[in-house]
Amino acid sequence: MSSDSLLDEALQAGGDVPALGTGTRLVHAGRDPMRYHGFVNTPVFRASTVLSPTVRDLLGRTQPYIYGRRGTPTSEALERALCELEGGAGVVLCPSGLSACTLALMACLEPGDHVLVTDAVYGPVRHACDGLLRRLGVEVSYFPPGTGAELGGWVKENTRAIYLESPGSHSMEVQDVPALVAMARQHGLRVIADCSWATPLFFKAHAAGVDLVIQAGTKYLLGHSDGMLGTVSASPRAWPALKALHGDLGLCAGPDEIFLALRGLRSMQVRLRQHEQGALAVARWLQQQEEVARVLHPALEGSPGHALWKRDFTGSSGLFTVVLKPVPFAAVEAFLDGLKCFGLGYSWGGYESLALPLDASEGRLRALCEPGCQCVRLHVGLEEPQDLIADLRAGLDRMQAVDMDSLL
Ligand SMILES: *Cc1c(COP(=O)(O)O)cnc(C)c1O
């Protein structure tokens, strides 16, 4: 049964039936088995050319699909599912999360425009702002993520958009999205938000007034570290420009990645609940270890923006940052190199745990760390928390065993 028919049935059943629960939506959204002989999942259409039976059909565009780049039943299934989850007017698919970020920015900006970008923005997006956007004649200002309504003071005559990421990369600072949206409305600015950490399940960005909602689908949507994908969902007023630019740039996602995203979607709520519980258990345990100065995790009291997280989010995911008391970097290496459950590598959102050293003297972390502190970013996967904790305890013991005096 497709999500449409489930919804229709619920509505026909008599007026004010409660809306379908998220888990139910995740299972049914974008799926139409009877269109494919009853097979449960939407098939992978690998396509460039779409044949027409006659010249009249070809030129008259009488068929639902025209060309592989312009969409297949596979891409349409994911777009529909995400549209339902995000609650926007339309969704486009991109080959990576980063391409979704740059697409959203370019859809709102023209030469001579000014954009306000959170200072905790994902590093490669900052690189694109400082290079690509400036080369296109766009002015960029970075604002502290903790800024609320007072960001109005930063707005100039040529300001057209604000770009949010909450919680932000590395420092995990949560932003006051409702206050920023209200300010943006006053000044007629578009609001773009990268919501990869929360996913559509834990933060309803369109409902909060965000125009363009970005997901690095590579992370929790695919969820298995085996593909790259990005998505942008648009509000009705932001949709025409987004759709047009996506078409002009010739962006599309690979059919296998789309299939993996559709498959990931079905279990996303179950996985996220597990990531959430595991990460909270590990983070709370880390808070009590003597080697740890603080844990930057939005759902923990004392983390930057915790009150905002509590007000605006319905859950937390598996990614957070640990600030270690001052030790030489060699001690951090000893901690991380011998970890058995945590892999060393970039990205996050897969089923497996990851660890990554961060430079505490750089960017937003500098303000949150005492001099000499070291930072490690953790992604808590679906392993049992007690095994992860034992792995981390052994790592902290290795760290303690490093001869500090000879290194300092
Ligand atoms: C990883 C990430 C991206 C980019 O996604 P890719 O698919 O790796 O290009 C964008 N935003 C945030 C917050 C990310 O963590």
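Remember, predicted model here, so these are calculated numbers, not experimental data.

**Some words on the environment of A89**
Argument step 1. Along the chain, the position of A89 falls in the loop between α4 (73–86) and β1 (90–94).
Argument step 2. On the accessibility criterion, A89 (37% relative accessible area) is partly exposed.
Argument step 3. Apart from residues no more than four positions distant in its own chain, A89 is found in contact with C83, A234, S235, P236 and W239.

**Considerations on the packing of helix α13 (residues 329–337) against helix α15 (residues 385–401)**
Argument step 1. Their axes nearest at 7 Å, the elements α13 and α15 cross at an angle of 150°. As far as their axial angle goes, α15 and α13 are roughly antiparallel. Crossing of α13 over α15 shows right-handed handedness. Taken together, the residues of α15 that come into contact with α13 (itself represented by A331, V332, A334 and F335) are L392, G395, L396, R398 and M399.
Argument step 2. Classifying every residue of the contact of α13 with α15 gives 7 nonpolar, 1 polar and 1 charged.

**Digging into the domain arrangement of the chain**
Argument step 1. We note that the domain assignment places domain 1 (70–259) and domain 2 (288–407) within the chain.
Argument step 2. Each side of the interface is counted separately: domain 1 has 27 residues, and domain 2 has 29 residues.
Argument step 3. Joining domain 1 to domain 2, the criterion identifies 3 salt bridges.
Argument step 4. In this structure, D176 engages R311 in a salt bridge whose closest nitrogen and oxygen atoms are separated by 2.7 Å.
Argument step 5. Scanning the region where domain 1 abuts domain 2 turns up 12 residue pairs in polar contact (both at pLDDT 80 or more).
Argument step 6. Within the residue set of the side of domain 1 that touches domain 2, elements represented by two or more residues are α7 (177–187) and α8 (199–202).
Argument step 7. When the residues that make up the side of domain 1 that touches domain 2 are grouped by side-chain class, the tally is 14 nonpolar, 9 polar and 4 charged.

Rules used throughout
Throughout, residues of each chain are indexed from 1 in the direction in which the sequence is written. Totals for whole chains, interfaces and linings use every residue, but because this is a predicted model, local features are given only for residues with pLDDT of at least 70 and side-chain atom pairs only at 80 or more, for both listing and counting. Side-chain figures throughout are based on the complete set of non-hydrogen atoms in the structure, without hydrogens or water. Helix numbers and strand numbers start at the N terminus; a helix is a DSSP run of H or I with at least 4 residues, a strand a run of E with at least 2. Residue burial is assigned from relative accessible area. The probe radius is 1.4 Å, only protein chains are included, and a residue is buried under 20% of its type maximum, exposed over 50%, and partly exposed in between. Two residues qualify as a contact provided that any one of their heavy atoms is within 4.5 Å of a heavy atom in the partner residue. Each axis is a line fitted through C-alpha atoms, taken for helices only over the stretch in contact, and angles between the N-to-C directions span 0 to 180 degrees. Any angle that is under 35 degrees is reported as roughly parallel, and any over 145 degrees as roughly antiparallel; angles of 65 to 115 degrees are reported as roughly perpendicular and all others as oblique. Crossing handedness is defined as follows: a turn of the near helix away from the far one that is anticlockwise and smaller than a right angle gives a left-handed crossing, while the clockwise case is right-handed. Ten residues, namely Ala, Val, Leu, Ile, Met, Phe, Trp, Tyr, Cys and Pro, are considered nonpolar, four, namely Asp, Glu, Lys and Arg, are considered charged, and the remaining ones, Gly among them, are considered polar. Each domain's extent is set by a domain assignment, obtained either automatically or from a database. Salt bridges are defined by distance alone: a side-chain nitrogen of Lys or Arg within 4 Å of a carboxyl oxygen of Asp or Glu. Counted as a polar contact is a pair of N or O atoms within 3.5 Å, where, for protein atoms, one must be capable of donating a hydrogen and the other of accepting one, and residues adjacent in sequence contribute only when both atoms are in side chains.

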